[in-house]
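# Results of the structural survey
Here's the letter readout for the chains.
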Amino acid sequence: MISHDPIARILTIDLFQRRFSIDERPELFDEAIGGAGVAIRLLEEHCPPGADPLGEDNPIIFAVGPLVGHFPLASKTVAMFKSPHTGNLGESHAGGRSAVSIRMAGYGAIVIVGQSNKPVYLVIEDDTVHFRDASALWGLRSSYTVGSVLREREKGSGHRSIMRIGPAGEKQVSYSCVITETYRHFGRLGLGAVFGSKNLKAIVVSGNRTLPVLDPKRYRTQYNALYSAATGSPLMKKYHDLGTPINVGPLNELGALPTRNLKQSRFEGADALSGEHLAERYLGRRLACAHCPVACIHIAALRTPHPSEPYFYKTSMLGYDYEPIFALGTMLGISDVAGMLRLMDEVEIQGLDAMSTGVSLAWATEALEQGLTTLADTNGVALAWGDADAAIEAVRRVVSQPTDFYRALAHGVSHASSMYGGEDFALAFGGNEMPGYHTGPAGYLGYLLGARHSHLDNAGYSIDQKNLASGIQPTAEELVEQLVGEESWRQVLSSLVVCFFSRGLYTPEAIVEALATVGFELDESRLREIGADVLRRKYQFKRREGFDLLSEPIPRRILQTESPIGMISEEMLRTALRAFDDGFQE
Ligand code: SF4
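What counts and what doesn't
Residues numbered from 1 in each chain as written. Predicted model: local features only at pLDDT ≥ 70, side-chain atom pairs only at ≥ 80, totals over all residues. Helix = DSSP H or I, 4+ residues; strand = E, 2+ residues; numbered from the N terminus. Domains from an automatic or database assignment. Contact = placed C-beta atoms within 7 Å. Near = placed C-beta within 6 Å. Nonpolar A, V, L, I, M, F, W, Y, C, P; charged D, E, K, R; others polar. Buried ≥ 20, exposed ≤ 12 C-beta atoms within 10 Å, placed from the backbone. Pairing = 2+ DSSP bridges. Axes fitted to C-alpha atoms, helices over the stretch in contact; angles between N-to-C directions.

This part takes up unusual backbone geometry. With an omega of -10°, the peptide bond between Leu496 and Val497 qualifies as cis. Positive phi outside glycine occurs at Glu181, with the angle close to 50°. Structurally, Glu181 can be placed in the loop between strand S10 (178-180) and strand S11 (184-186). Within the chain, Leu262 stands out as a residue other than glycine whose phi angle is a positive 60°. One can find Leu262 in the loop between helix H9 (248-254) and helix H10 (270-273).

Structural data, given as structure tokens:
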């Protein structure tokens, strides 16, 4: 790496001592590039075995990569921690301005340790960290208000990042998120609860560094090549025009769109929730993460009439994406777009992960329908398919927790179903609620064996669709090989850290060249070695914290609802899991 590149600097902040230090750790970045590669090593260093995820020993690690600030779509930050939701590896990625702000402040990674004894927010400005009193922000009803206050109060407008939690994080709901720049999230696996456990309300980061390149001419050539590829790509145009909701129609047609807690895989209301319909009727604007020319973030303008005054309206600007549409729309049988957007808004206000929330509410709706729970449990909320208002009331109660039922639901469906029954239709994998793809066995294997139990770990849903198109169904072992190969390569992308939407642009050749311009001499085989090593370390961490893949339940519901390739076989899934587990024995 270039000797004066600040990527090698690690900022460590101790919330209890109210101290910080800055260390040069070039070896970490030489060995693991950045992002996920560096974060997992820092997690190994700072998280003792058996640490309480909501205790003082659990660190929060943010890491970026050497391409951030230099190249288009190198716009993401990796957050790593021990997850209060699954009890093992916690990892989520977010864009917005988070990555560029950390890089411009002069850091490759930030490590936050300890617990504050009163509410605090951090302001990181170049080489300084301020510990600010957050008592006035703690308890605010809405995450939006926290953002508004900090935007007013702190300087750096336009190039700072503001990461904050809502009421759900304060209450340590195990799937609460951290919101950055209003429309982006460290969504999955409960980073919001870890913030809450540390009395950490928000982090504001800004900086004014100049980042070095080795050879400006070579850098400019590679920048232009990646920029042209991004702006000329039909796939990127698709993301710009309609965003990820473009997937609603095709998945519905395929019979892969989880509906009413996956009782069905097609939704009769899918047209209303499609990317095309949302863009025609609701799209208000598009936004982009910093250093991204694609602008895939779609914001709906929802006009709500005043309850009594005629001609008075409130217009809310609400982000929408495929996953929230699946979780808070089709999974709950909601086809009323305004109702679904209001539900998404409430999830944002509370600061919850949309996917875990929607899947938890879908389970709760079915549990009530089947008589496993009563209206006394739900505090009088008559959850029903298609009823957005009831779902909004339930979301508020997941956070306010007026009954034991909501206290259980605040830990997700695995936990709630272990207390109330309904495990067969509790749609979580490795403890994490499912994403929106009932595509076939590779999708579910991907959720089960992926390090984060996320569809983005290894894109099993995409492997299913490719296999369907080719007409060839691989064996269990072949599927595992495909999934591990993809997840291993994605560790390279997560170490850089580039947006996964740009994975077709960041080919091995493009990465080697881009890294060379910022002083990292790595060839493709070394990149692949690093990817495999990062994945192995993540699995070692999970196992160390008690994760046992072969004991993970497979909810029966996924075997009972037809997928595009027919009924999914449990025996095949179990064979594949054993093959994976054997391959990962140390
Ligand atoms: S494609 Fe979308 S998510 Fe990815 S960096 Fe660009 S705006 Fe952000």
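Take the domain arrangement of the protein next. Under the domain assignment used here, the protein contains domain 1 (6-206), domain 2 (246-403) and domain 3 (433-583). Averaged C-alpha coordinates put domain 2 and domain 3 at centres separated by 27 Å. Taken together, the contact pairs 20 residues of domain 2 with 15 residues of domain 3. Of all elements in the fold, only H9, helix H12 (322-328) and helix H14 (354-369) reach the threshold of two or more residues within the side of domain 2 that touches domain 3.

This paragraph deals with the site of the ligand. Contacts to the ligand come from 13 residues, most closely from Cys289, Cys292, Val294, Cys296 and Cys499. Considered class by class, the residues forming the shell around the ligand number 11 nonpolar, 2 polar and no charged. The two domains that each donate at least three residues to the shell around the ligand are domain 1 (6-206) and domain 2 (246-403).

Attention shifts here to helix H3 (residues 98-105). For H3, a buried count of 8 out of 8 residues is recorded, marking the element as mostly surrounded by other parts of the structure. By the burial criterion, the buried members of H3 are Ser98, Ala99, Val100, Ser101, Ile102, Arg103, Met104 and Ala105. Positive backbone phi, approximately 105°, marks Gly106, located one or two places after H3.

Taken together, 6 strands build an open sheet; the order of strands is S8-S7-S12-S9-S10-S11 and the sheet is mixed. A strand with exactly one partner marks an edge of an open sheet, and here the two such strands are strand S8 (128-133) and S11. Between one strand and the next, the sheet's axes are offset by a mean angle of 20°, whatever the strand orientation. When strand S9 (residues 161-164) meets S10, the two strands line up antiparallel, connected through 2 bridges. Note on S10: the bridge partner recorded for Arg164 is Ile179. Relative to strand S12 (residues 200-206), H3 is tilted by about 65°, and along the sheet it contacts strand S7 (120-125), S9, S10 and S12. Strands S9, S10 and S12 of the sheet are contacted by helix H4 (residues 143-153), whose axis makes an angle of about 145° with S9.

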